[in-house]
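# Structural characterization, general
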Amino acid sequence: MWVPGVGLLSRLMLSALTRAGRFCILKSGAVRLMDVPAGNRRGLSDYYPHLMPSVGFGKSSSRVYRCRSETKRYITSPRVAETLVRILRGKRKSCQLFLECNPGPGILTRALLESGAKVVALESDETFIPHLKSLGKKVNGRLEVVYCDFFKLDPRSRGILTPPVMTSDMLFQYLGIEAQPWSKGAPLKAIGILPPKNERSALWKLLHDLYSCTSIYKYGRLELNLFITEKECRKIMANPQNPGLYQALSVLCQIACGIKLLHTESCLSFGTYTANGQLAKQKHRESLEQNLCFIQLTPHRNLFTGTLTPFNYDVFFHMLRQCFMKRNAKLIDHLHSLSPIDAMHILKQIKKNKDVKVIDMYPEDFQHLFETIECSKDDNYKWLYDDFMEDVII
């Protein structure tokens with residue numbers, strides 16, 4: 001890893017010298033030095049992720065991570081489970097593979113098995129594991145139960161990992177799931193309910209993993225089928241026609257994935273369990289009246305066939321965060337602090353007038369803006385940074 005000190009813009013020099021190894025500004029733009037061998041930096045339309053060396057399942061690594069007990073939602077209605085199976089399975093009779101995240105009492109697990117599917121139940125609460133294992137006794141090996149928290153795979157905190165916290169490599173290698181090239185279809189489907197207390201953080205982590213082709217996305221374009229709150233669902237599907245909800249998260253989700261709203265269900269149809277496995281009463285009237293939306297997130301096959309790659313995605317993240325910090329400002333005002341390239345020239349390239357506001361830009365407009373700056377040949381430097389961008393989950 002290296003960061004050249006010669007030729008850097010003055011505002012970048014100190015950061016480059018004090019935080020070497022993260023970013024450098026080159027004549028070709030911003031480069032992110034990731035922990036991926038140079039040999040793997042090839043055509044990304046057929047990007048094969050580089051797998052870590054085999055790790056024994058259930059063994060501790062050299063990282064420390066403390067798992068906090070959390071309140072979780074579970075599907076407790078057979079009617080809801082049957083509805084989801086009908087949506088996901090249709091008339092298929094083939095043995096599809098599903099990763100079910102925190103199945104809890106196993107209501108959906110049973111319905112999936114009855115439909116002929118194969119299920120890997122990733123349960124983070126040991127209380128439910130004996131019951132889940134009992135469901136697999138008469139299904140000829142179509143159920144695998146693993147003590148694992150899907151939403152805490154590959155934590156950013158460093159330290160010893162003990163189940164239910166683990167790496168995706170530990171999990172997928174244990175299950176015998178091999179990496180698929182990005183150009184192929186989804187190797188499997190995951191089903192779950194985003195954690196109520198850190199729903200937004202979980203979404204941001206999934207986006208970081210997707211754009212960087214790390215964690216579960218090392219293994220291909222995994223399809224996620226998730227229950228999220230109606231409020232968060234409206235945000236990720238928002239555009240300039242919904243200015244009050246539109247944000248960086250909206251753009252990143254829509255650029256990365258095809259998003260489908262499959263079903264909407266009242267919170268009353270779900271059970272909330274405490275950390276010790278006890279069914280809890282929902283206290284707040286707001287939570288009782290709120291719906292959960294069942295959405296499907298399918299990564300786009302052509303996400304990495306253009307200028308955007310797993311090695312410069314964080315520049316794209318940074319651009320969007322900077323723009324949406326002052327969402328009602330004119331785009332031209334942001335361009336002066338984002339890039340040394342003439343702002344009017346950039347606007348002309350993307351066919352926008354000088355009065356266009358951030359809030360008026362659709363997701364595809366932001367992608368076009370990023371690609372225009374990245375591909376510009378009119379300047380030695382493409383991007384300006386006051387300090388180095390970090391993988392911070394907002």
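Here we summarise the structure given alongside this text. What you are looking at is a predicted structure, and each value in this text was computed from that prediction instead of being measured.

With that out of the way, let us pick up the packing of aromatic side chains. Counted under the stated rule, the structure contains 15 aromatic pairs. When the ring of Phe227 is compared with that of Phe294, the centres are 4.7 Å apart and the planes differ by 35 degrees; the resulting orientation is tilted. With Phe227 in strand S8 (residues 223-229) and Phe294 in strand S12 (residues 291-299), this residue pair connects regions lying 67 residues apart in the sequence. Their ring planes at 85 degrees and their centres at 5.5 Å tell us that Tyr246 and Phe324 sit as a pair that is edge-to-face. Of this pair, Tyr246 sits in the loop between helix H7 (230-236) and helix H8 (248-256) while Phe324 is found in helix H10 (residues 313-325), placing the two residues 78 residues apart along the sequence. Phe324 shares its class with Tyr246; the two are buried.

Turning to the side chain of Ser124, a few remarks are in order. Mapping Ser124 onto the fold places it in the loop between strand S5 (118-123) and helix H4 (129-135). Residues within four places of Ser124 in sequence aside, it is in contact with Lys72, Asn102, Tyr147, Cys148, Asp149 and Pro164.

Between helix H6 (residues 199-212) and H10, whose axes approach to 9 Å, the crossing angle comes to 140 degrees. By the angle class used here, H6 and H10 are oblique. Mapping the contact onto sequence places Trp204, Leu207, His208, Tyr211 and Ser212 in H6 and Tyr313, Phe316, Phe317 and Arg321 in H10. In terms of residue class, the contact of H6 with H10 is made up of six nonpolar, two polar and one charged.

Scanning the entire structure with this criterion turns up nine salt bridges. One salt bridge in this structure joins Lys218 and Asp169, with 3.1 Å as the shortest N-O distance. Here Lys218 is found in the loop between H6 and S8, whereas its partner Asp169 is found in helix H5 (residues 168-175), with 49 residues between them in sequence. Judged by its relative accessible area of 13%, Lys218 falls in the buried class. Its relative accessible area of 3% is what places Asp169 among the buried residues. A salt bridge links Asp365 to Lys352, with the nearest nitrogen and oxygen atoms 3.3 Å apart. Within this pair, whereas Asp365 is found in helix H13 (residues 363-374), its partner Lys352 is found in the loop between helix H12 (343-349) and H13, the two being separated by 13 residues in sequence. For Lys352, a relative accessible area of 25% puts it in the partly exposed group. One connected set of salt bridges, linked through shared partners, spans Arg156, Lys205 and Asp209.

About the cut-offs
- Residues numbered from 1 in each chain as written.
- Predicted model: local features only at pLDDT ≥ 70, side-chain atom pairs only at ≥ 80, totals over all residues.
- Heavy atoms only, no water.
- Phe/Tyr/Trp six-rings, centres within 6.5 Å; stacked < 30°, edge-to-face > 60°.
- Helix = DSSP H or I, 4+ residues; strand = E, 2+ residues; numbered from the N terminus.
- Buried < 20%, exposed > 50% of the residue type's maximum accessible area, 1.4 Å probe, protein only.
- Contact = heavy atoms within 4.5 Å.
- Axes fitted to C-alpha atoms, helices over the stretch in contact; angles between N-to-C directions.
- Parallel < 35°, antiparallel > 145°, perpendicular 65-115°, else oblique.
- Nonpolar A, V, L, I, M, F, W, Y, C, P; charged D, E, K, R; others polar.
- Salt bridge = Lys/Arg side-chain N within 4 Å of Asp/Glu carboxyl O.

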